[in-house]
Amino acid sequence: MPENQVLVEIKDLHTYFFLAEGVVRAVDGVDLVIKRRQTLGVVGESGCGKSITSLSLLRLIPPPGRITQGEILYYKPSAGDNGSVDVINITALNPNGREIRDIRGNQISMVFQEPMTAMSPVRTVGQQIIEAIMLHQKVNKAEARKRAIEMLARVKMPKPERTIDDYPFQLSGGMRQRAVIAMALSCHPHLLIADEPTTALDVTTEAQILDLMRSLQNELGMAIMYITHNLGVVAEMAEEVAVMYLGKVVEQTDVKTIFLEPLHPYTQGLLSSIPRLDESIMRGEKRRRLQMIKGMVPDPYTRLKGCPFHPRCPKVIGDVCDQVEPASIWVRPGHMVRCHLYAEAVKSGPAPSH
Amino acid sequence: MPDLMPQSSPASSEPLLVVEGLTKYFPIRRGFFKRVVGQVKAVDHVDFYVQEGETLGLVGESGCGKTTTGRCILRAIEPTDGRILFRDPKLGRVDICKLDKEQIRLVRRNIRMIFQDPYASLNPRMTLLDIVGAPLRAMGLAHGKELEDRVAQMLQLVGLRPEYMRRYPHAFSGGQRQRIGLARALAPYPKFVVCDEPVSALDVSVQAQILNLLEDLQEQMGLTYLFVAHDLSVVAHISDRVAVMYVGKIVELASTAELFSSPKHPYTEALLSAIPLPDPRPREKRVLLTGEVANPANPPSGCYFHPRCSYAEEICKTHEPEFDEVTPGHYVKCHFGRELSLTGVVRMPDR
Ligand SMILES: Nc1ncnc2c1ncn2[C@@H]1O[C@H](COP(=O)(O)OP(=O)(O)OP(=O)(O)O)[C@@H](O)[C@H]1O
Ligand SMILES: Nc1ncnc2c1ncn2[C@@H]1O[C@H](COP(=O)(O)OP(=O)(O)OP(=O)(O)O)[C@@H](O)[C@H]1O
Ligand SMILES: [Mg+2]
Ligand SMILES: [Mg+2]
């Protein structure tokens, strides 16, 4: 079976929130491809639409939010794993219907940033994992408990036979996150959406959890959509990276290229604003100022004309970037960027706005 | 306890802050009579000093006592034991642990704290004028028009428009709120600022703005920082020296360059190797810590780190190591600190 088969394809997704103060264009034309068994890292500034993209994929958008345009196609591997797929249009499903509930938590599951919100505080870890297993698999309670203990052992939970009867508050942050991962993986999903799963943890615990996710991914052969704004974590986890800005994917390519030859000025700005452990620190030299992206993300109600990044862009082209929204440009197969710098054609004059 | 004071110290280079044997135990109470059944050794005989104008980084796993250390220095909580010597411009050299209420009020003009969470730490019902002006008003430093001018000046200093003075915090982004917290902390022109994870909740581009701002303000106002953070790349960037804490104790302290290039404590080695580096090329060697951080209510015998340490020997289980100065200015609390050859950060080329 080919390794790089597409698992999920998001096409021109728009998810808006209709508030009294105005319309929040949380996701405003996102295109993304998640391949089987691959880790896609999704990065971008706070509020750029990372979480809402992933919640759209599970059809968990709370009102007054709504998917207003676009398509999410799920290429569901068929049971026999003989390489054939069923194509499911997730955007066409009833968000409360049986079909999406069968996908959610079973074929596509999610780990959230704050482990406390994913688990109920009044029920034991075991009760919750067992329930997740019984919801999607036809097994009795004793069998579900056995599988839950197996899963806890797999995430390297110490003494799983005992921990299974603990309440979430009895566990440390790192252990709680392991329990949440065990729950998310208990049905062997094809895709795990991990939304900042280690942001609340310290570096050593984070390193353990990342290591764990990588080895479980190999074992179970799942794809991971890894959302974070920690570029170090992206470098360690992802094979493919999508950079988002104001509701759009502005660049997507493989992890090496993103770090070594980024094209979009926003990606370049992000990379140069991280403090680095480089030779100058080891030599004890006077530290240099960090480079900054000037300005701030505009408030979510305003819609900018042209490229959403142009007011902050150091390479802005006058009369182009503030007029015309750049389309996705494939500079080579496998490297997409939305930026006028890479489109010769557009420079000859403003094209009509969409 | 080793002598942590610099060798030759004329009065002018005397550290701004000297912490000696600082200890904070939280009682664990149970039952109807709230009997004390045990103690959380949150901070346990900690020693360090901070020179004027310097930034000392403080790192370590969650729960190791970083915030508690900072709060003791502010006397926001009562230390159980130890001395905190501070060179106050008005009071002279004082032991913060021994001050009375009125003196604490005075010293808090010069020792301030900024907090991790820019959302929770600002009162949503107060305007920026009230928030930033509160310490000035409480300390009787300014009122009326003068107060407004001072608030306007502080807002400008941290890169916010003075016109925002009448707005409420909800109208601001995370990075802007962190600036508001900074303006509030700096309003009385302090000497010493405890920065408790000031950029942890921010994304990288805003983080860069706040870190640069902290450095600019340090230069302009001659500030001294104790900088607490999880992110070791951030700590390396901003700190002159770094202290590593493990379960209530400082296990290593050295200049930033020394600590990151040649660590001497196995725990520091493990911390450094856990740093996620923004570099997609595969890493050479990685020491993953196994097991969990020790429980400060019931720490292991001997060296607290021995159950997780791959270099541990018999003596580590039975004897607590000294905090030893292995090379000038490089302190380590490990029986084998002078012998082990440990791996620092895998070097990245300069940009
Ligand atoms: N329930 C909601 N109602 C109104 N607006 C919302 C709601 N949820 C999210 N938004 C808005 O949608 C936009 C995208 O939010 P989203 O949570 O996807 O950001 P994010 O990229 O995940 O950010 P972060 O890194 O801070 O988690 C933001 O402007 C946010 O304020
Ligand atoms: N008021 C308190 N009562 C009882 N125990 C406390 C109290 N405050 C802190 N502790 C305990 O003291 C220890 C040190 O906590 P502290 O908050 O100083 O850690 P920290 O290093 O700042 O951790 P983090 O990185 O998670 O912020 C922890 O075990 C904590 O549970
Ligand atoms: Mg989010
Ligand atoms: Mg803390």
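Preceding this section is the structure that the text describes.
It should be emphasised that the depicted structure is a prediction, and the values quoted were computed from it without experimental measurement.

Residues and elements named next belong to chain A. Around ligand 1, a shell composed of 15 residues is seen, among which Ser46, Gly47, Lys50, Ser51 and Ile52 lie nearest. One of the side-chain nitrogen or oxygen atoms of serine 46 is found 2.5 Å away from an oxygen atom of ligand 1. In isolation ligand 1 exposes 640 Å². Once the protein is present, 70% of that is buried. Counting residues per element, the ones that place at least two in the shell around ligand 1 are β1 (6-19), β2 (22-35) and α1 (50-57).

This brings us to the site of ligand 2. Residue and element names in this part refer to chain B. Taken together, 13 residues lie near ligand 2, and Ser62, Gly63, Lys66, Thr67 and Thr68 sit nearest. A distance of 2.7 Å is found between an oxygen atom of ligand 2 and a backbone nitrogen or oxygen belonging to glycine 63. For ligand 2, whose accessible area on its own is 640 Å², the fraction buried by protein is 62%. Listed by contribution, the elements that provide at least two residues to the shell around ligand 2 are β2 (35-50) and α1 (66-73). The element best represented in the shell around ligand 2 is α1, accounting for 3 residues.

A few words on the layout of surface pockets. Residues and elements named next belong to chain A. Roughly 650 Å³ of volume is contained in the second largest pocket. Lining of the second largest pocket is provided by 23 residues; of these, Arg104, Gly105, Ala132, Leu135 and His136 occupy positions nearest its centre. Counting residues per element, the ones that place at least two in the lining of the second largest pocket are α2 (98-103), β6 (108-111), α4 (125-136) and α7 (173-185). The element that contributes the greatest number of residues to the lining of the second largest pocket is α4, accounting for 5 residues. Residues belonging to the lining of the second largest pocket are distributed by class as follows: 12 nonpolar, 5 polar and 6 charged.

Think of a sheet as strands paired side by side through backbone hydrogen bonds, with each pair either parallel or antiparallel. All names here are of chain A. Taken in spatial order, the 4 strands make up an open sheet running β2-β1-β4-β5, and their pairing is antiparallel. Strands at the two margins of the open sheet, each flanked by one partner only, are β2 and β5 (85-89). For this sheet, the mean angle separating the axes of adjacent strands, direction not counted, is 10 degrees. Here β1 pairs with strand β4 (residues 65-77) via 8 bridges, running antiparallel. When the sheet's bridge partners are listed, lysine 11 is paired in β4 with glutamate 71.

So, about the pattern of salt bridges. Counted by the stated rule, this structure contains 32 salt bridges over all chains. Linking A:Asp254 and A:Arg332 is a salt bridge whose minimum nitrogen-to-oxygen distance equals 3.5 Å. Here A:Arg332 lies in strand β11 (residues 329-332) and A:Asp254 lies in strand β10 (residues 248-254), a separation of 78 residues in the sequence. Two residues, B:Lys333 and B:Glu320, come together in a salt bridge whose shortest N-O distance is 2.8 Å. With a gap of 13 residues between them, B:Lys333 in the segment after β12 (330-332) and B:Glu320 in the loop between α10 (314-318) and β11 (324-327) connect regions that are remote in the sequence. With a relative accessible area of 13%, B:Lys333 lands in the buried category. Overlapping salt bridges bring together A:Asp28, A:Asp31, A:Lys248, A:Arg303, A:Glu325 and A:Arg338 as one network.

Turning our attention to the state of the cysteines. All names here are of chain B. Overall, the coordinates contain 0 disulfides over all chains when judged by the stated rule. No disulfide involves cysteine 64; its sulfur sits 13 Å from the nearest other cysteine sulfur, which is in cysteine 72. Assessed through its relative accessible area of 1%, cysteine 64 is described here as buried. You can see cysteine 195 has no disulfide; the closest cysteine sulfur is in cysteine 64, sitting 17 Å from it.

Here the focus is the side chain of A:Thr163. Residues and elements named next belong to chain A. Among the secondary structure elements, threonine 163 is positioned in helix α6 (residues 160-163). Classification of threonine 163 as buried rests on a relative accessible area of 7%. Here threonine 163 is in contact with Val125, Met157, Pro158 and Leu171, once residues within four sequence places are set aside.

So, on to the packing of aromatic side chains. Within this structure, the stated rule accounts for 10 aromatic pairs over all chains. Summarising the aromatic geometry, the rings of B:Tyr246 and B:Phe305 are spaced 5.1 Å apart at their centres and angled 85 degrees between planes, so their arrangement reads as edge-to-face. Here B:Tyr246, found in strand β9 (residues 241-246), pairs with B:Phe305, found in the loop between α9 (266-274) and α10; they are 59 residues apart in sequence, far enough to count as distant. You can call B:Tyr246 buried: its relative accessible area is 3%. Between B:Phe323 and B:Tyr331, the aromatic rings sit 5.5 Å apart at their centres with planes inclined by 25 degrees, giving stacked as the arrangement. The exposure classification of B:Phe323 matches that of B:Tyr331, with both residues buried. A network of ring pairs unites the aromatic residues A:Tyr245, A:Tyr266 and A:Phe309 as a single cluster. The side chain of A:Arg25 reaches across the aromatic face of A:Tyr16, ending 5.5 Å from its centre. A cation sits over an aromatic face here: B:Arg241 above B:Tyr49, 4.2 Å from the ring centre.

All names here are of chain B. One finds Leu214, Phe227 and Phe260 to be the most contacted residues of the largest nonpolar core, which totals 73 residues. Here this core gets 7 residues from one element, more than from any other, and that element is helix α6 (residues 204-221). Those residues within four positions of phenylalanine 227 in sequence are excluded, and the remaining contacts are Thr55, Leu56, Gly57, Leu58, Cys195, Pro198, Leu211, Leu214, Val234, Val235 and Ile238.

Contact with chain A, which involves 48 residues of that partner, is made by 52 residues of chain B. The tally of links between chain A and chain B comes to 1 salt bridge. In this structure, B:Asp216 and A:Arg289 form a salt bridge, with 2.5 Å as the shortest nitrogen-oxygen distance. Among the secondary structure elements, those contributing two or more residues to the side of chain A that touches chain B are α8 (203-220), α9 (231-237), α10 (255-260), α11 (265-272) and α12 (279-282) of chain A. Counting residues per element, the side of chain A that touches chain B draws most heavily on α8(A), at 8 residues. Across the side of chain A that touches chain B, the residue classes break down as 20 nonpolar, 14 polar and 14 charged.

Helices that pack against each other are described as a pair by the angle of their axes relative to one another and the distance between those axes. Residues and elements named next belong to chain A. Taken N-terminus to C-terminus, the directions of α4 and α7 make an angle of 20 degrees; their axes are 9 Å apart at the nearest point. As the angle between them shows, α4 and α7 are arranged roughly parallel. Every pair of crossing elements has a handedness; the one defined by α4 and α7 is right-handed. Judged by residue contacts, Val125, Gln128, Ile129 and Ala132 of α4 engage Ala179, Ala182 and Met183 from α7. When its residues are assigned to classes, the contact of α4 with α7 shows 6 nonpolar, 1 polar and no charged.

What counts, and where the lines are drawn
Residues numbered from 1 in each chain as written. Chains lettered and ligands numbered in written order. Predicted model: local features only at pLDDT ≥ 70, side-chain atom pairs only at ≥ 80, totals over all residues. Heavy atoms only, no water. Near = heavy atom within 4 Å. Polar contact = N/O pair within 3.5 Å; in protein donor to acceptor, adjacent residues only side chain to side chain. Areas by Shrake-Rupley, 256 points an atom, 1.4 Å probe, with all protein chains shown as cover. Helix = DSSP H or I, 4+ residues; strand = E, 2+ residues; numbered from the N terminus. 1 Å grid on protein atoms, 1.4 Å probe; cavity = no way out; pocket = protein on both sides within 12 Å on 5 of 7 lines; lining within 4 Å. Points joined across faces, edges and corners; volume = space filled by probe spheres on them. Nonpolar A, V, L, I, M, F, W, Y, C, P; charged D, E, K, R; others polar. Pairing = 2+ DSSP bridges. Axes fitted to C-alpha atoms, helices over the stretch in contact; angles between N-to-C directions. Salt bridge = Lys/Arg side-chain N within 4 Å of Asp/Glu carboxyl O. Buried < 20%, exposed > 50% of the residue type's maximum accessible area, 1.4 Å probe, protein only. Disulfide = S-S within 2.5 Å. Contact = heavy atoms within 4.5 Å. Phe/Tyr/Trp six-rings, centres within 6.5 Å; stacked < 30°, edge-to-face > 60°. Lys NZ or Arg CZ within 6 Å of the ring centre and 35° of its normal. Core = buried A, V, L, I, M, F, W, Y, C linked by side-chain atoms within 4.5 Å. Parallel < 35°, antiparallel > 145°, perpendicular 65-115°, else oblique. Left-handed = near helix turned anticlockwise from the far one by under 90°.

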